[in-house]
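Observations on the three-dimensional arrangement
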Amino acid sequence: MIIKKYLMKIWINTLEIYLANNWREKKVLEGKKISFFKRVKMAITDFDSYGDMALEKLSIAIKYYAKVMLIFSAILAISFTYKFSTIINNDEELQVLYSQVKTEYNVDDSAIQDAVNTLKSNSNNTNFYVMLGASIWIYLFSIYFIMGFLDVFLLSILGFIVSRFTRMKLRYKPAFIMAIYALTLPIFLNAIYIVANT
């Protein structure tokens, strides 16, 4: 028990020294910018860099998060638009969708047929798909940006509480920034999962 406490104290002191040294190095390297894709790679593969990233400005982390969410929502918007175009151009899938809408939403046949005819008339129009994809992109970005921030908030609170239990002196802001970077991999894995199942 005494050895465990002693090892925990050494680990905490080592972490504090590491963070202090990295803070000094960060001040020296402050003028250098890290590209977005290098940040993504660091967030996914190099967990030791989280200490460095936790010391940066919150605005940089939020810009990074916004870029990740823009890419995520763009991937989903392209996938959904492609799936929609294949449904419109395939009569069998369109009939399945037709019957699902009729039974689930209790819509009359004439309204559904008007919508199908409108969609069929625009099925070869590139502008229609561009506008559809753009509107889906904006919608998905706004929804996932807000929902993702709730995940970041919960993860940062959890990290802050765990740091208090381990008697680490971690402020909330670095925990919040680390939570932003920690969600990079789950966001991209979620995009792959959604695209694969669309």
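Quick caveat, the model's predicted, so the values are computed rather than measured. (Residues numbered from 1 in each chain as written. Predicted model: local features only at pLDDT ≥ 70, side-chain atom pairs only at ≥ 80, totals over all residues. Heavy atoms only, no water.)

So, about the nonpolar core. Formed by 27 residues in total, the largest nonpolar core has its most connected members in Tyr64, Phe72, Val152, Ile180, Tyr181 and Ile187. Listing elements by their share of this core, those giving two or more residues are helix 2 (36-45), helix 3 (50-54), helix 4 (58-89), helix 7 (126-165), helix 8 (172-182) and helix 9 (184-196). Once residues lying within four places of it in the same chain are set aside, the contact partners of tyrosine 64 are Phe36, Arg39, Val40, Ala43, Ile180, Tyr181 and Thr184. Counting residues in hydrophobic clusters, the runner-up holds 7 residues, among them Ile87, Leu94, Tyr98 and Ile112. (Core = buried A, V, L, I, M, F, W, Y, C linked by side-chain atoms within 4.5 Å. Buried < 20%, exposed > 50% of the residue type's maximum accessible area, 1.4 Å probe, protein only. Helix = DSSP H or I, 4+ residues; strand = E, 2+ residues; numbered from the N terminus. Contact = heavy atoms within 4.5 Å.)

Quick look at the packing of helix 4 against helix 5 (residues 91-105) now. The N-to-C vectors of helix 4 and helix 5 enclose an angle of 100 degrees; their axes lie 5 Å apart at closest approach. Classified by the interaxial angle, the pair formed by helix 4 and helix 5 is roughly perpendicular. Residue-level inspection shows Lys83, Thr86, Ile87, Ile88 and Asn89 of helix 4 in contact with helix 5, the latter providing Asp91, Glu93, Leu94 and Leu97. Considered class by class, the residues forming the contact of helix 4 with helix 5 number 4 nonpolar, 2 polar and 3 charged. (Axes fitted to C-alpha atoms, helices over the stretch in contact; angles between N-to-C directions. Parallel < 35°, antiparallel > 145°, perpendicular 65-115°, else oblique. Nonpolar A, V, L, I, M, F, W, Y, C, P; charged D, E, K, R; others polar.)

So, about the confidence of the model for the protein chain. Per-residue confidence for the protein chain gives a mean pLDDT of 79, with 83% of residues at or over 70. When mean pLDDT is taken per element in the protein chain, helix 9 scores highest with 90 and helix 1 (residues 2-28) scores lowest with 50. (pLDDT = per-residue confidence, 0-100.)

One pass over the full model with this rule turns up 1 salt bridge. In this structure, glutamate 56 engages arginine 39 in a salt bridge whose closest nitrogen and oxygen atoms are separated by 2.8 Å. Of this pair, glutamate 56 sits in the loop between helix 3 and helix 4 while arginine 39 sits in helix 2, placing them 17 residues apart in sequence. No difference in accessibility class separates glutamate 56 from arginine 39, as the two residues are buried. (Salt bridge = Lys/Arg side-chain N within 4 Å of Asp/Glu carboxyl O.)

With that settled, consider a positive patch on the surface. Together, Lys33, Lys57, Lys63, Lys67, Arg171 and Lys173 line one region of the surface with positive charge. Along the chain, lysine 173 turns up in helix 8. The class of lysine 173 is partly exposed, set by a relative accessible area of 39%. (Patch = residues over 30% accessible without salt bridge, like charges linked within 9 Å, V, L, I, M, F, W, Y side chains within 5 Å. Areas by Shrake-Rupley, 256 points an atom, 1.4 Å probe, with all protein chains shown as cover. Lys, Arg positive; Asp, Glu negative; His and termini not counted. Charge placed at Lys NZ, Arg CZ, Asp CG, Glu CD.)

The next subject is the packing of helix 7 against helix 8. The relative placement of two packed helices is expressed as an angle between their axes plus a distance between the axes. Where helix 7 meets helix 8, the axes come as close as 8 Å, and the angle between the chain directions of the two elements is 130 degrees. Between helix 7 and helix 8, the crossing angle belongs to the class labelled oblique. For the element pair helix 7 and helix 8, the recorded crossing hand is right-handed. Contacts between helix 7 and helix 8 pair Phe149, Val152, Phe153, Leu155, Ser156, Ile157 and Phe160 from the former with Tyr172, Ala175, Phe176, Ala179, Ile180 and Ala182 from the latter. Looking at the contact of helix 7 with helix 8 residue by residue, the classes come out as 12 nonpolar, 1 polar and no charged. (Left-handed = near helix turned anticlockwise from the far one by under 90°.)

Once that is clear, we can look at helix 9. With 13 residues, helix 9 should cover 18 Å at 1.5 Å per step; its first-to-last C-alpha distance of 19 Å lies within 8% of that length. Residues Thr184, Ile187, Phe188, Ala191 and Ile194 constitute the buried set of helix 9. Buried residues of helix 9, seen end-on, are gathered within an arc of 120 degrees and therefore sit on one face of the element. In helix 9, the exposed residues that point more than 90 degrees away from the buried face are Ile192, Tyr193 and Ala196. Elements that come into contact with the buried residues of helix 9 comprise helix 2, helix 4, helix 7 and helix 8. (Expected span 1.5 Å × (residues − 1). Arc of directions from axis to C-beta.)

On the surface, a cluster of nonpolar side chains totalling about 410 Å² of accessible area is made up of Tyr139, Ile143, Met147 and Leu150. For methionine 147, the location among the structural elements is in helix 7. Among the residues examined, methionine 147 registers a relative accessible area of 46% and is labelled partly exposed.

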